[in-house]
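# Geometric and topological summary
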Amino acid sequence: MGIIYNEQKRIFKLDTPNTSYILGVGDEFGHLVHIYYGKKIASTDNLSKMPSVDEKNKVWYFDGTKMEYPTGDIGDFREHCIEIRNENGQHALECGYVSHKIYKGKPKLEGLPATFSNEEDCTTLEVVMSDSIAGIEITLIYTAFEKLDVITRSVIVKNICDERVKLTKILSSCLDVENNEYEMLTLHGSWGRERNIQRKRIGYGRQGIYSERGVSGHQDHPFIALLEPGTNQTMGEVYAMNFVYSGNFEAQCELNQHDTVRLVMGINPYQFEWTLESGEVFTAPEVVMVYSSEGLGKMTRTYHDLYRNHLIRGKYRSIKRPVLINNWEATYFDFDTDKLLSIAKKASELGIEMLVMDDGWFGNRFDDNRALGDWVVNEDKLKGGLKYLVDEVNRLGMKFGIWFEPEMVCPDSDLYRAHPDWAIQIPGRNPGRSRNQLVLDISRKEVRDYIFDSLSKVLKSANVEYVKWDMNRALTDVWSHELEPDRQGELYHRYMLGVYELQDRLVTEFPDILLENCSSGGGRYDPGVLYYSPQVWCSDNADAISRLNIQEGTSLIYPLSTMGAHVTDCPNHAVGRTTPFDTRGAVALAGTFGYELDITKISDEDRSKIPGQVEMYHKYNDIVREGDFYRLASFSQNNRYDSYMVVSKDKKEALVTFVQVIAIASHAMPVLKLQGLDPGTNYYIEEKHEVMAGDVLMNMGFVPNNENGDFKAGLYHLVAR
Ligand code: DGJ
């Protein structure tokens, strides 16, 4: 059993293989107090005493107390997790323990993506607390995984009074720990530069990252970790939180006067206000907490295993994806049936398995100024219609995929002309029209039904086996025609619930379709969308060197099997750099792998390399997709080279990637200490025709070949002998 309750001391202990999380109930009032999170504590009876809380006399404030789910206005002046406003204007909440239950398995979160598991793999604790004066009941849900060092948290709030209550803030998770000179690790970025790692020492006060864009976004990522000083891939204590949500978020840490650090995560309270009628509930999205005492690498592998086995669903979650070729960078909007078929024909001859038709196939979509929302095939471009094109592609032995941007409408579209009120905008105001488009009000059922019906009509009209779901702007001018004035604060979250409902309908109705999420590159790469799609387009910047940092930050949390990665043409369209075709292939092999270039126009030399790369994909993808990931060196830190490896779960095979960004003199080649191998096994290194022992490779190290020149890459396949 992963969770025990010490009735005498009123203490709960949640165990994972290497960690314990302990909380307790205050003796007089029943505040829920945090006691410990960290390395596993074996004892179940002699659990450490709770820090004293003077619940009765309240002769001191609560900001020296570690709280499990802090509420506002009771004298805990740090960031709190929940705020309400009831009919008499009261916003303070003070919740005391009411009851709890412990059970095997994990509950679903109504309408939200969340990790899942069967009864053998986890145990759940639900603690009910209430404030009878405010008329609010809070249920904290904790799930401890049996085989992974993961604890998930979410919260359900219920209005238990007769009047309506406004919920004005609800975070999902809080962790109070004593400070240890912690650093805060977050992922920041922009278009074409997603998820770059940032570490900085925390100081007194509040610091954090936020999205107010209505989407998770390129700029900040719903992830935060505290690292003890000196933490690297193999050493150091890490407390991490990742939010299973794709909308506005807050991830914050606060160091206070008592030298405790409070780490919180949840929906950003910015413009959030939710009405709870009597008896109604609100469910807050899930936070996934991982603690590692063995550095960032262990944290990474824990998230990878969790997401591969307990978040991603569907047929493609654990099978090889078809090698695709996407026409976006090949043609942009300038294509027709003949052009697509010429790409497909060449691609099929070289072993590529799927053609993806990107933006520009519908309505009057000749550029990005018009037609989003008009999901009807443009038969001037696609002569003979979609079915003819798809049948021809299938005849070449390839699958076919298609692009949509379902959440959008262009002012210049038939859809907008018919339903201007379906767009999110403020009456009378000139709305922001980023990329000449508006966001559809997906909180409305009729809008969702229109989107779903138009998509499914297209998908049913031909043998479509892949969908790229794009989303190319943030939310501004946030106002819905349908919501009452005092419910407009619900729109951001209702929008996300609408997106999740739509994606759920899509994967339920079309279970064989491979869904890839995308948002101007990697602007919506979060655990929320992984519940619906096993892969996400990582960045519109596919330059092999830029990708090193982007893929480093992404793979810090997300499995390689989810990272959309393509070989594109040079000079690269995003940054203008020219890199060897082999390097572009080696870097894309760390992800889902595919091509995005005009295969009919690239040089014969580059084209001739494609069959070999496709062969490598088939040879290595099982370990890339399913293996354990180890980062060996980071270009973002050393400014010279990058290296990482994957090891099969049975340790019989490994693949090491080394990218020499700046040319290195032969005598100065780095020694890479490999990781994750079996120390007692000998490995044959195919590219070096050499056998080396696992302990030698891990302790003495491995020297990659000098690749002579900038931007060169080497792959090394190790096979147990
Ligand atoms: C943004 C995506 O990231 C690109 O891959 C491409 O699909 C364009 N949108 C199409 O408009």
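Scoring rules and cut-offs
Residues numbered from 1 in each chain as written. Predicted model: local features only at pLDDT ≥ 70, side-chain atom pairs only at ≥ 80, totals over all residues. Heavy atoms only, no water. Helix = DSSP H or I, 4+ residues; strand = E, 2+ residues; numbered from the N terminus. Rg over C-alpha atoms; globule rule 2.2 N^0.38 Å. Buried < 20%, exposed > 50% of the residue type's maximum accessible area, 1.4 Å probe, protein only. Contact = heavy atoms within 4.5 Å. Areas by Shrake-Rupley, 256 points an atom, 1.4 Å probe, with all protein chains shown as cover. Lys, Arg positive; Asp, Glu negative; His and termini not counted. Charge placed at Lys NZ, Arg CZ, Asp CG, Glu CD. Axes fitted to C-alpha atoms, helices over the stretch in contact; angles between N-to-C directions. Parallel < 35°, antiparallel > 145°, perpendicular 65-115°, else oblique. Left-handed = near helix turned anticlockwise from the far one by under 90°. Nonpolar A, V, L, I, M, F, W, Y, C, P; charged D, E, K, R; others polar. Pairing = 2+ DSSP bridges. Right-handed = clockwise from strand over helix to strand, strands pointing away. Phe/Tyr/Trp six-rings, centres within 6.5 Å; stacked < 30°, edge-to-face > 60°. Lys NZ or Arg CZ within 6 Å of the ring centre and 35° of its normal. Near = heavy atom within 4 Å. Polar contact = N/O pair within 3.5 Å; in protein donor to acceptor, adjacent residues only side chain to side chain. Expected span 1.5 Å × (residues − 1). Domains from an automatic or database assignment. 1 Å grid on protein atoms, 1.4 Å probe; cavity = no way out; pocket = protein on both sides within 12 Å on 5 of 7 lines; lining within 4 Å. Points joined across faces, edges and corners; volume = space filled by probe spheres on them. Core = buried A, V, L, I, M, F, W, Y, C linked by side-chain atoms within 4.5 Å.

### Brief notes about the overall build of the chain
For the chain, the count of helices and strands is 13 helices and 36 strands. The C-alpha atoms of the chain give a radius of gyration of 26 Å, which matches the 27 Å a tight globule of 721 residues would have. Going through the 721 residues of the chain one by one, you find that 63% of them count as buried. Considering only residue pairs separated by 6 or more positions, the chain has 69% of its internal contacts joining residues 24 or more positions apart. If you sum the accessible surface of the chain, you get close to 25600 Å²; carbon and sulfur atoms cover 47% of it. The positive charge centre, built from 79 side chains, and the negative charge centre, built from 105, are 2 Å apart in the chain.

### A word on the packing of helix α10 (residues 581-588) against helix α11 (residues 604-626)
Direction vectors running N to C along α10 and α11 enclose 30°, while the axes themselves pass 10 Å from each other. Looking at the two axes, α10 sits roughly parallel to α11. Two packed elements cross with a definite hand, and for α10 against α11 that hand is right-handed. Across the interface between the two elements, Phe581, Asp582, Arg584 and Gly585 from α10 touch Asp606, Lys609, Ile610 and Gln613 from α11. Residue composition of the contact of α10 with α11, by class: 2 nonpolar, 2 polar and 4 charged.

### A short note on unusual backbone geometry
In this model, Cys570 is joined to Pro571 through a cis peptide bond whose omega is -5°. Within the fold, Pro571 resides in the loop between β29 (567-568) and α10. The backbone phi angle of Arg10 is positive, close to 55°, even though this residue is not glycine. With respect to the element layout, Arg10 can be found in the loop between β1 (3-6) and β2 (11-15). According to the relative accessible area criterion, Arg10 is partly exposed, its value standing at 23%. A positive phi angle, near 80°, is found at Ala371, a position not held by glycine. As for its position among the elements, Ala371 is in the loop between β21 (354-357) and α4 (385-395).

### Quick look at the sheet that holds strand β20 (residues 324-326)
Taken together, 9 strands build an open sheet; the order of strands is β28-β27-β26-β25-β22-β21-β20-β30-β29 and the sheet is parallel. Taken across any chain shown, the strands that pair with only one partner, and hence form the sheet edges, are β28 (563-564) and β29. Sitting on the sheet, helix α6 (residues 445-460) touches β22 (399-404) and β25 (466-469), and the angle it makes with β22 is about 160°.

### Regarding the pairing of β21
Burial along β21 is two-sided: the face carrying Met354 and Val356 and the face carrying Leu355 and Met357 are both buried. Across 3 bridges, β20 lies against β21 in parallel orientation. From the neighbouring strand, Ile325 faces β21, where its bridge partner is Leu355. Inspection of the sheet shows β21 paired to β22 by 4 bridges, in the parallel sense. Residue Met354 lies in a different strand from β22, and its bridge partner there is Lys399. Between β21 and its parallel partner β22, the chain crosses via α4, and the hand of that crossover is right-handed.

### Things to note about the packing of aromatic side chains
For the structure on display, the rule yields 35 aromatic pairs. Taking 6.0 Å as the distance between ring centres and 10° as the angle between the ring planes, the aromatic pair formed by Phe362 and Trp403 counts as stacked. Pair noted here: Phe362 is in the loop between β21 and α4 and Trp403 is in strand β22, with a separation of 41 residues, a long-range link. A single burial state applies to Phe362 and to Trp403, both of which are buried. Through pairs of rings, three or more aromatic residues link up here, namely Tyr21, Tyr37, Tyr142, Tyr182, Tyr239 and Tyr291. A cation over an aromatic ring shows up here: Lys381 above the ring of Phe335, its NZ or CZ 4.7 Å from the ring centre.

### Quick look at the site of the ligand
Residues in contact with the ligand amount to 13 residues; listed here are only the nearest, Asp358, Asp359, Asp470, Gly521 and Asp540. A distance of 2.9 Å is found between an oxygen atom of the ligand and a side-chain nitrogen or oxygen belonging to Arg435. In the model, an oxygen atom of the ligand is placed 2.5 Å from a nitrogen or oxygen of the Asp540 side chain. Surface burial for the ligand is 98%, taken as the share of its 290 Å² of free accessible area covered by protein chains.

### Focus on α6
With 16 residues, α6 ought to run about 22 Å at 1.5 Å a step, and its terminal C-alpha atoms sit 22 Å apart, in line with that. Residues Val447, Arg448, Asp449, Ile451, Phe452, Ser454, Leu455, Ser456, Val458 and Leu459 constitute the buried set of α6. Those residues of α6 that are buried are in contact with α4, β22, β25 and α7 (491-509).

### Comments concerning the environment of Thr186
Within the secondary structure, Thr186 sits in strand β11 (residues 183-188). Judged by its relative accessible area of 1%, Thr186 falls in the buried class. Spatially, the C-alpha atom of Thr186 lies 7.7 Å from that of Asp220, the residues being 34 residues apart in sequence. Setting aside its immediate chain neighbours within four residues, Thr186 contacts Asn196, Ile197, Gln198, Ile209, Phe223 and Ile224.

### Here we look at the domain arrangement of the chain
Partitioning the chain into domains gives domain 1 (3-310), domain 2 (324-406 + 442-472 + 513-625) and domain 3 (631-720). Each of domain 1 and domain 3 has a C-alpha centre, and these two points are 39 Å apart.

### With respect to the layout of surface pockets
Within this model, the largest pocket holds a volume of roughly 580 Å³. Contributing to the lining of the largest pocket are 29 residues, with Leu109, Glu110, Gly111, Leu112 and Leu497 lying nearest its centre. Of all the elements, α7 adds the most residues to the lining of the largest pocket, at 7 residues. Taken together, the residues of the lining of the largest pocket break down into 13 nonpolar, 7 polar and 9 charged. Both domain 1 (3-310) and domain 2 (324-406 + 442-472 + 513-625) contribute no fewer than three residues apiece to the lining of the largest pocket. The space that makes up the second largest pocket amounts to roughly 380 Å³. If you trace the second largest pocket, you find 21 residues lining it, with Gln233, Arg631, Leu632, Ala633 and Gln637 closest to the centre.

### Brief notes about empty space enclosed by the protein
Under the counting rule described, the total for this entry stands at 8 cavities of 30 Å³ or more. Of the volumes computed, that of the largest cavity is approximately 80 Å³. The residue makeup of the lining of the largest cavity, split by class, is 7 nonpolar, 2 polar and 1 charged. One number sums up the size of the second largest cavity: a volume of about 60 Å³. If you list the elements that add at least two residues to the lining of the second largest cavity, you get β32 (641-647) and β33 (653-660). Ranked by residue count, the leading element in the lining of the second largest cavity is β32, at 3 residues.

### What to know about the nonpolar core
Grouped together as the largest cluster of nonpolar side chains are 198 residues, with contacts concentrated most on Trp361, Leu386, Ile402 and Tyr595. A total of 8 residues in this core trace back to one element, the largest contributor, which is α7. Discounting chain neighbours no more than four positions away, the residues touching Ile402 are Val356, Met357, Trp361, Leu386, Val458, Leu459, Val464, Tyr466, Val467 and Lys468. By size, the runner-up hydrophobic cluster in this structure holds 22 residues, among which are Met645, Val647, Leu677 and Ile685.

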